[in-house]
Amino acid sequence: MVMDQVINSLKQRFSEHGSLYADLSCLDPRNFAEILKRMPSDALQHLSGLLKKFDDTVTKDQLQTELLDFARKWENFQTTLEDEYNLIFEMEVSDSVSDNIQQPESVELPGNNHRNKCKSCKQM
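One structure accompanies this document, and this report is about it. A quick note: this is a predicted structure, and the numbers were derived from the prediction, not measured.

### Examining helix α2 (residues 18-26)
So, point 1. Within α2 the residues assigned to the buried category are Leu20, Asp23 and Cys26. Relative to the axis of α2, the buried residues are bounded by an arc of 110° and lie together on one face.
So, point 2. In this structure, the buried residues of α2 make contact with α3 (32-37), α4 (45-51) and α5 (60-77).

This is the structure:
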C-alpha cells in the first residue's frame with residue numbers, strides 16, 4: 001500500500017513537468033548527436049514559455065536555432081586546459097620558426113643597375 005502511494009506520488013509529480021524535463025534533456029550534451037540529426041518540432045516549447053517572463057521576445061524557434069548552433073560547436077568546447085596550452089605552444093613555435101627563416105637577399109642583376117642611377121626609378 002505504501003509503495004503504491006509512493007509510485008503514484010512520483011508519477012503525479014513528474015507527469016506534471018514531463019515537457020519541461022524533455023526540454024531540459026535537449027540541453028544535455030550526451031543528446032546533442034541525436035538533436036543534430038533531428039530536432040523534435042516541439043522541443044524547447046515549454047522552456048521558451050518559462051523564459052518569457054525574463055525576455056518576452058524569446059521564441060521556441062530561436063532557442064532551437066541557438067541550441068543547434070551550440071551543439072555543432074560542442075566538440076570545440078570540450079578541449080582540456082592542457083590541450084589549449086599545447087595548441088597555443090604549437091602556434092607560438094610555428095610563428096617563431098617562420099620568423100627565423102631568413103629571406104634571400106636581393107640579387108643585383110646586371111639590368112638593375114639602371115634603377116640605382118635613374119632619378120625617376122629611385123623614387124619608385
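### Here we look at the nonpolar core
So, point 1. Counting residues in hydrophobic clusters, the biggest one holds 13 residues, and the most contacted among them are Cys26, Phe32, Ile35, Met39, Ala43, Leu44 and Leu67.
So, point 2. Of all the secondary-structure elements, those providing two or more residues to this core are α2, α3 and α5.
So, point 3. Element by element, the count of residues in this core is highest for α5, at four residues.
So, point 4. Excluding its chain neighbours within four sequence positions, the residues that come into contact with leucine 44 are Asp23, Cys26, Leu27, Lys60, Leu63, Gln64 and Leu67.

### Side note on α5
So, point 1. Across its 18 residues, α5 extends 24 Å between first and last C-alpha, which sits within 8% of the 26 Å expected from 1.5 Å per residue.
So, point 2. Bending of α5 peaks at approximately 35° at the position of alanine 71.
So, point 3. For α5, every residue scored as buried is listed here: Leu63, Gln64, Leu67, Leu68 and Ala71.
So, point 4. Each element contacted by the buried residues of α5 is listed here: α2, α3 and α4.

### Some words on a nonpolar patch on the surface
So, point 1. Together, Val2, Met3, Val6, Ile7 and Leu10 line one region of the surface with nonpolar side chains, adding up to about 450 Å² of accessible area.
So, point 2. Assignment of secondary structure puts leucine 10 in helix α1 (residues 2-16).

### Remarks on the packing of aromatic side chains
Any two aromatic rings considered together are summarised by their centre-to-centre distance and by the angle between their planes.
So, point 1. Counted by the stated rule, this structure contains four aromatic pairs.
So, point 2. Ring geometry for phenylalanine 32 versus tryptophan 74: centroids 5.8 Å apart, planes at 90°, classification edge-to-face. Separated by 42 residues along the polypeptide, phenylalanine 32 in helix α3 and tryptophan 74 in helix α5 bring together distant segments of the chain.
So, point 3. For the ring pair phenylalanine 70 and tryptophan 74, a centre distance of 5.6 Å and an interplane angle of 50° mean the geometry is tilted. A residue pair is termed a helical-turn pair when its members lie 3 or 4 positions apart in one helix, as phenylalanine 70 and tryptophan 74 do in helix α5 at four residues.

Calculation notes
Residues numbered from 1 in each chain as written. Predicted model: local features only at pLDDT ≥ 70, side-chain atom pairs only at ≥ 80, totals over all residues. Heavy atoms only, no water. Buried < 20%, exposed > 50% of the residue type's maximum accessible area, 1.4 Å probe, protein only. Helix = DSSP H or I, 4+ residues; strand = E, 2+ residues; numbered from the N terminus. Arc of directions from axis to C-beta. Contact = heavy atoms within 4.5 Å. Core = buried A, V, L, I, M, F, W, Y, C linked by side-chain atoms within 4.5 Å. Expected span 1.5 Å × (residues − 1). Bend = angle between axes of the 7 residues up to and from the residue. Patch = residues over 30% accessible without salt bridge, like charges linked within 9 Å, V, L, I, M, F, W, Y side chains within 5 Å. Areas by Shrake-Rupley, 256 points an atom, 1.4 Å probe, with all protein chains shown as cover. Salt bridge = Lys/Arg side-chain N within 4 Å of Asp/Glu carboxyl O. Phe/Tyr/Trp six-rings, centres within 6.5 Å; stacked < 30°, edge-to-face > 60°.

Read these as spatial facts, not as claims about activity.
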